[in-house]
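# A look at the structure
Given next are the chains, with one letter for each unit.
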Amino acid sequence: MNWRGDQGHKTEKGPSSGGHLGTSPPRPDGIPKASGAFQYADDFVLPGMYWGATLRSPHPHARIKSLKWNPDKAPKDAVCVTVADLPGPNGVKLKTDDWPILADSEVQHVGEAVALVAASTKLAARAALDAIDIEYESLTPILDLTEADKHPPLCSLEMKSGDIDKGFNGSDQIVEGTYRTGYQEHIYIECHAITSWFEDDGTVVVKGTMQCPYFVHASMVHGLALSEDKVRVVATPPGGGFGGKEDYPSMIGLHAALLSKACARPVRIVYDRHEDIIATTKRHPSVVHRRAGVDSKGQLQALDIEVILDGGAYTTLSEVVLSRAVLHAVGPYRCPNVRIRGRVLKTNTATNGAFRGFGAPQVAFGHERQMDEIARQMNLDPLEVRLRNVLEEGDRLPTGQQLDDSTAGRLCLETVVGETNFQKRWKELEDRRANAGDGELLRGIGLSLYFHGAGFTGNGERFLNSEVTARLLEDGRVEVLTAAVEMGQGCAVLFPMLACEASGLGVNDVVISEADTAEVPDSGPSVASRTSMIVGSLLGATVRDLTEKVLAWWGQKHNGSDRPEIANGRVSVGDDKTPFRDIAKQYLDSEGSLEVSNHYKPPEWQVFDDETYQGVAYPTYAWGADVVEVEVDPDTLAVRPTKVTAVCEVGKVLHPAMCRGQVEGGTLQALGWALMEEVKLENGRYLNDRLATYIIPTFKDSPKIEVRLLEKPWNGGLVGAKGVGELPMDGGAPAAASAIENATGLKVDTIPATPERLFEWRQAGRATDEV
């Protein structure tokens, strides 16, 4: 079977909108957010609203022997909800429902929700927690992956391609390595906040900060045992998400709704930073073991890869994170014989879930660090080993998918090397390290190559069957109804631009609706770098279809003339140019309302077998290459990144300023994960659960980041855009590790590469020079 990205799926373009795409108009939400006028989830107030609070486990693993609510000890009118009060199944509905809404007979991690209270003020709610008497019996927890591996995994996956034994037997050299990455906390600016209330007709409303309103909707239907029409979810634009508001809003939404039902009032739950850190999901820690067979030229002949992720106490989204990790584990390199085994292990720690990159950054750290190791063992430089292995158009991935003409790995490598003179400077710094004097500042430069599958994995988009609706408003504007959430990625400005590109409307002719499940169809979650590529393409096609209906009516009205031309919102018939809005109002007066809906249909050639993991996992890939430059203090081994050159190929640059911003932000987030963001635990309890102790990069820590954007459009969708949100998260960490190795000679196979860790390695004599 030939899975090519150019078969039967050509780009359809509507009338010109005057060239809005490729420009950088200001964001409509920019000034309100910068000035503080913007309304976030905690800014609106409802009459009679109560405040909710959560009783959480202090133990990593324990049996609940007894739990008693003492209303006499609580503030007046306070209420309490326990597992006995749940009206439906005790599970948050995601891929599975093994994540309990409230702990039942056991707690599985520190911070797990055991009971809920609500009272008239925040202080009263906190006081109400003291009215709960609870007794635990401690049980032995599983707190490390070595112990966890003795127990059944939460989920597992295996993928094969070619003949692994034949590949190793034909190899000239075997290179093995184990690569470890740690937790990462999202640290969105806005913590979780949800308000819930019941309408007079019994409809429950959940309003708050989230990425995926229909995920929350499904969880409410499941957990509250309600019909779909009795649940309404309204997404307020989040103050950041990064994946952390994909899964957890379902949990806090259920908690707020349960309390609202108990006290017959609106209830708001707002986490402070401490509670947000200890209770919510994080990036999965990982251990990736790679065994590579290479020929005499350093070309990959066989890869045997084991991917282990720490899932925490419950499955949540780990199965899909593992899927993307496995599919990206080989990296952007050609290898005919591959075996990849992946599993997610259970530990008695807070559940891990979605985070920008969704499993790809963990395995990218492994494949890039091993490419550097292969280069050293084969006496090649880091660029040459990548150029000899990089995927090209026509090559096949381990899934059997054949890459199309939007493949851009070599282009990214050549571009970033041309911008940085990487090869020459890397060799100079290698020589300088060998001859460095005592106390001399150490400098290094590192390279990474990466790619990222765009959209949901495999049959995900087909399963979602995403829908977008467009309708005419009374004033002649077009309203677009979509569940996509503006969380900083820019759909508030991009969606009107895409609608205009497809239809010929002016940007002021388009209105984007609020993400309210009572009004908008399910266009899928705001995740997986799919907002512009998938939802944007669907949106454009839908607005184009609506516009065509109005124009066809207008053409017929003018003595059966052909469809008139439209550009920048003005319709031309002969010398007459009429604003589309005026024509739309005439249409409404004559024909009544007009509404058009479309569902996203993946290209027919995108076929994927979920059992064998063969087929087209992603219709296209975005590509990138980073060069990171660092300075290392020779005494303290503190690392300071000084410059990053990030080259990203994204199909089509829709809004240059925002696209650069995504690359800059993702790159800095990757550097934080690589160098300083370290979650420390003791007996399952987070020790650095404050911003004072969980250190993230500040403006002062940020290096100069130079971004170069490349375009090799995907021949599908509206304009060929591939998605950019997650891509830059994949390359910064391995490039930084490579730069540290270039500067110090220390073999960096674990991150974060903190000064303490580097010092231990130096004391142990763990240098690449000894390889």
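Before reading further, recall that the structure is shown in the block above.
Residues numbered from 1 in each chain as written. Predicted model: local features only at pLDDT ≥ 70, side-chain atom pairs only at ≥ 80, totals over all residues. Heavy atoms only, no water.

What follows covers the overall build of the protein chain. Counting its secondary structure elements, the protein chain contains 19 helices and 30 strands. Whereas a compact globule of 771 residues would reach a radius of gyration of roughly 28 Å, the protein chain reaches 27 Å, a difference of no more than 12%. When burial is assessed residue by residue, the protein chain has 61% of its 771 residues classed as buried. Sequence-distant contacts, at least 24 apart, represent 81% of the contacts inside the protein chain between residues at least 6 apart. Accessible surface, the protein chain as shown: approximately 28600 Å² in total, 48% of it carbon and sulfur. Each charge class in the protein chain was averaged separately, 80 positive and 107 negative side chains, and the resulting centres sit 2 Å apart. (Helix = DSSP H or I, 4+ residues; strand = E, 2+ residues; numbered from the N terminus. Rg over C-alpha atoms; globule rule 2.2 N^0.38 Å. Buried < 20%, exposed > 50% of the residue type's maximum accessible area, 1.4 Å probe, protein only. Contact = heavy atoms within 4.5 Å. Areas by Shrake-Rupley, 256 points an atom, 1.4 Å probe, with all protein chains shown as cover. Lys, Arg positive; Asp, Glu negative; His and termini not counted. Charge placed at Lys NZ, Arg CZ, Asp CG, Glu CD.)

Right, let's get into the pattern of salt bridges. Side chains that carry opposite charge are capable of pairing whenever their charged atoms lie near each other. A full pass over the atoms with the stated rule returns 49 salt bridges. Where Lys245 meets Glu190, a salt bridge forms, and the shortest distance between an N and an O atom there is 3.2 Å. A residue pair is termed long-range when its members are at least 10 positions apart, and Lys245 in the loop between strand 11 (231–236) and helix 6 (248–263) and Glu190 in the loop between strand 8 (173–181) and strand 9 (193–198) qualify at 55 residues. Glu190 matches Lys245 in its accessibility class, with the two residues each being buried. A salt bridge links Glu373 to Lys747, with the shortest nitrogen-to-oxygen separation between them at 3.7 Å. On the criterion of sequence distance, the pair formed by Glu373 in helix 9 (residues 360–377) and Lys747 in the loop between helix 18 (732–744) and helix 19 (755–763) is long-range, its members being 374 residues apart. Via salt bridges that share partners, Glu368, Arg369, Asp372, Arg376, Arg386, Glu430, Arg433 and Glu741 belong to a single interconnected network. (Salt bridge = Lys/Arg side-chain N within 4 Å of Asp/Glu carboxyl O.)

This brings us to the nonpolar core. Formed by 110 residues in total, the largest nonpolar core has its most connected members in Met220, Leu300, Val307, Ile340 and Ile374. Once residues lying within four places of it in the same chain are set aside, the contact partners of Leu300 are Ala292, Gly293, Val294, Tyr333, Arg334, Cys335, Pro336, Met371, Ile374 and Asn389. Membership of the second largest hydrophobic core comes to 48 residues, among which are Leu21, Val535, Tyr600 and Met658. (Core = buried A, V, L, I, M, F, W, Y, C linked by side-chain atoms within 4.5 Å.)

Right, let's get into the sheet that holds strand 3 (residues 79–81). Pairing is mixed in the open sheet, where 7 strands are placed in the order 3-5-1-12-9-10-11. Of all the strands in the sheet, the pair left with one neighbour each is strand 3 and strand 11. Within the sheet, the average angular offset between the axes of one strand and its neighbour, ignoring direction, is 25°. Summarising the sheet, strand 1 (residues 50–56) and strand 12 (residues 267–270) pair through 2 bridges and their orientation is parallel. Residue pairing in the sheet places Tyr50 in a bridge with Val267 of strand 12. Running over the sheet, helix 2 (residues 122–129) touches strand 1 and strand 5 (113–119) and is turned about 30° from strand 1. Contacts from helix 6 reach strand 1, strand 3, strand 5, strand 9, strand 10 (204–209) and strand 12, with the element oriented near 40° to strand 9. (Pairing = 2+ DSSP bridges. Axes fitted to C-alpha atoms, helices over the stretch in contact; angles between N-to-C directions.)

Time to look at the sheet that holds strand 30 (residues 704–710). On the basis of which strands lie adjacent, the open sheet formed by 4 strands has the order 16-26-27-30 and mixed pairing. Every interior strand has two partners, whereas the edge strands, strand 16 (442–453) and strand 30, have only one. Strand-to-strand twist in this sheet, taken as the mean axis angle between neighbours without regard to direction, amounts to 15°. The pairing of strand 16 with strand 26 (residues 621–632) spans 12 bridges and is classified as antiparallel.

If you check helix 17 (residues 656–675), its first and last C-alpha atoms are 28 Å apart, about what 20 residues at 1.5 Å a residue would give, namely 28 Å. Counted residue by residue, helix 17 has 14 buried out of 20 residues, so it is predominantly covered. (Expected span 1.5 Å × (residues − 1).)

Turning our eyes to something else, we now look at the pairing of strand 17 (residues 467–472). Summarising the sheet, strand 17 and strand 23 (residues 595–599) pair through 5 bridges and their orientation is antiparallel. Looking at strand 23, one finds that Thr469 is bridged to Ser597. The pairing of strand 17 with strand 18 (residues 478–481) spans 4 bridges and is antiparallel. Within the sheet, the bridge partner assigned to Ala470 lies in strand 18 and is Val480. In sequence, strand 17 turns back onto strand 18 through a hairpin of 5 residues, with Gly476 there showing a positive phi of about 90°.

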